[in-house]
Amino acid sequence: AAGPLLGDKNTAVTLNGSTGYITVSDARTLDAPGAVSLEAWVTTTSAAQEQIIIGKGAAKATMNYLLELNSSGKPNFIANGGSNHAATTGLSASTWYHIVVTCNGINVLHYINGTLDATVTLTDTLITNTSSLNIGSTPALFFSGSIDEVAVYNYTLSATQILAHYNIGKCI
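Residues numbered from 1 in each chain as written. Predicted model: local features only at pLDDT ≥ 70, side-chain atom pairs only at ≥ 80, totals over all residues. Heavy atoms only, no water.

1. Observations regarding the environment of T128
Argument step 1. Note on placement: T128 falls in the loop between β10 (115-121) and β11 (133-135).
Argument step 2. Judged by relative accessible area, which is 44%, T128 ranks as partly exposed.
Argument step 3. Along the backbone, T128 and G57 are 71 residues apart, and their C-alpha atoms lie at a distance of 9.6 Å.
Argument step 4. Setting aside anything within four residues of it in sequence, one finds T128 in contact with D31, P33 and N64. (Helix = DSSP H or I, 4+ residues; strand = E, 2+ residues; numbered from the N terminus. Buried < 20%, exposed > 50% of the residue type's maximum accessible area, 1.4 Å probe, protein only. Contact = heavy atoms within 4.5 Å.)

Below is the structure:
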């Protein structure tokens, strides 16, 4: 599928919501014991169902970190298989969004299209594990739509960096 970035010759991965996902083998650089930033451009065919964007671990309950859309279409971050840390704004289907979540071990910050949407106090701890990174699934909850330009950082991106990433890639 065509991705969200104008002039970008590579394409987004389109996932069917029932079987497709991408697995990236474990690497030390994917662990985030103290801080993490997760970034992706996403468009979903149904914002009213829980679906995974990026997660490191074999099951939702044991993930090191997880970025998903919850059943209200809101980006949601989970650390160490623990509590939900959701954004304020729900996404609409069939629209590209630039989603970034940062976690510094104390707070979770959600950015949508380069703008801070929510700051939530982290109630769990970031851990490391030897599991693979999955894009689009846990593999039990599948993403329905397209995902592009996925990035995992083992540090927190600043608001300035996030806005710059969005401005570089925005379609409008």
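2. A short note on the nonpolar core
As a rule of thumb, soluble globular proteins bury nonpolar side chains together.
Argument step 1. If you look at the biggest cluster of nonpolar residues, it comprises 27 residues, and the most contacted ones within it are V36, L38, V42, I53, Y65, F77 and I147.
Argument step 2. Among the secondary structure elements, those contributing two or more residues to this core are β3 (36-44), β4 (51-56), β5 (65-69), β6 (75-79), β8 (97-103), β9 (107-112) and β11.
Argument step 3. With sequence-adjacent residues up to four places away left out, I147 is seen in contact with A12, V13, L15, A40, W41, V42, I53, W96, I135 and G136. (Core = buried A, V, L, I, M, F, W, Y, C linked by side-chain atoms within 4.5 Å.)

3. Quick word on the side chain of N64
Argument step 1. With respect to the helices and strands, N64 occurs in the loop between β4 and β5.
Argument step 2. Polar contacts involving the side chain of N64 include one to the main-chain carbonyl oxygen of I127, which spans 2.6 Å.
Argument step 3. If near-sequence neighbours (up to four positions away) are discounted, N64 is found in contact with D31, A32, K56, I78, A79, N80, L126, I127, T128 and N129. (Polar contact = N/O pair within 3.5 Å; in protein donor to acceptor, adjacent residues only side chain to side chain.)

4. Things to note about the sheet that holds β9
Argument step 1. Read across the open sheet, the 6 strands follow the order β1-β12-β3-β8-β9-β10; overall the sheet is antiparallel. Single-partner strands in this sheet number two, and they are β1 (13-16) and β10. Going across the sheet, the axis of each strand differs from the next one's by a mean of 25°, ignoring polarity.
Argument step 2. As defined by bridge partners, β3 adjoins β8 across 7 bridges and the pair is classed as antiparallel. Within β8, the position partnered with V42 by the bridge is Y97.
Argument step 3. Strands β3, β8, β9 and β12 (144-153) of the sheet are contacted by helix α1 (residues 159-169), whose axis makes an angle of about 160° with β8. (Pairing = 2+ DSSP bridges. Axes fitted to C-alpha atoms, helices over the stretch in contact; angles between N-to-C directions.)

5. Looking at the side chain of N76
Argument step 1. Mapped onto the elements, N76 comes out in strand β6.
Argument step 2. A distance of 2.8 Å separates a polar atom in the side chain of N76 from a polar atom in the side chain of E68.
Argument step 3. A distance of 2.9 Å separates the side chain of N76 from the backbone nitrogen of H85, its partner in a polar contact.
Argument step 4. Dropping the residues within four chain positions of it, N76 is found in contact with L66, L67, E68, N70, N84, H85, A86 and H110.

6. Focus: the sheet that holds β4
Each strand in a sheet pairs with another by means of backbone hydrogen bonds, the pair being arranged parallel or else antiparallel.
Argument step 1. Strand order in the open sheet made by the 6 strands is β2-β11-β4-β5-β6-β7, with antiparallel pairing throughout. Of all the strands in the sheet, the pair left with one neighbour each is β2 (22-24) and β7 (85-86).
Argument step 2. Pairing analysis gives 5 bridges linking β4 to β5, with the strands arranged antiparallel. Along β5, the bridge assignment pairs Q51 with L69.

7. As for the pairing of β10
Argument step 1. The pairing of β9 with β10 spans 6 bridges and is antiparallel. Residue pairing across strands places N107 opposite T121, the latter belonging to β10.
Argument step 2. Adjacent in sequence and paired antiparallel, β9 and β10 are bridged by 2 residues, among which N113 carries a positive phi angle near 50°.

Take it as geometry only, folks, not as evidence of what the structure does.
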